[in-house]
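What follows is each chain in one-letter form.
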Amino acid sequence: MSAQFKDPALTTFVAVCIPEFLSLYETERLVQELAKFEIDCRNIVINQVIFPESGADAVRHCPPR
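The rules behind each value
- Residues numbered from 1 in each chain as written.
- Predicted model: local features only at pLDDT ≥ 70, side-chain atom pairs only at ≥ 80, totals over all residues.
- Heavy atoms only, no water.
- Salt bridge = Lys/Arg side-chain N within 4 Å of Asp/Glu carboxyl O.
- Helix = DSSP H or I, 4+ residues; strand = E, 2+ residues; numbered from the N terminus.
- Buried < 20%, exposed > 50% of the residue type's maximum accessible area, 1.4 Å probe, protein only.
- Pairing = 2+ DSSP bridges.

(A) Representation of the pattern of salt bridges. Taken as a whole and assessed by the stated rule, the structure comprises two salt bridges. Between Lys36 and Glu33 there is a salt bridge whose closest N-O contact spans 3.0 Å. In this pair, Lys36 and Glu33 are both assigned in helix α2 (residues 21-36), three residues apart and thus about one turn of the helix distant. Judged by its relative accessible area of 60%, Lys36 is exposed. Look at Glu33 and you get partly exposed, because its relative accessible area is 37%.

Structural data, given as structure tokens:
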């Protein structure tokens, strides 16, 4: 089972957090712990991010909460 978790071709961990300091800090700690165990975590999903509805820069910038 350990070998399967350590093989990025078979398993990857996707962390999910919200854009708040404590959540991001704990997610960073989680990613560091997973790295210690050689578990792949190359994606982080950040929930509760609302982009402006119009404009060319809508994807690049989001307003602070």
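(B) Inspection of the pairing of strand β1 (residues 14-17) at higher detail. The alternating pattern of β1 places Ala15 and Cys17 on a buried face and Val14 and Val16 on a face that is not buried. When β1 meets strand β2 (residues 43-46), the two strands line up parallel, connected through four bridges. If you follow Ala15 over to β2, its bridge partner there is Ile44.

Read these as layout, nothing more, since geometry by itself doesn't imply function.
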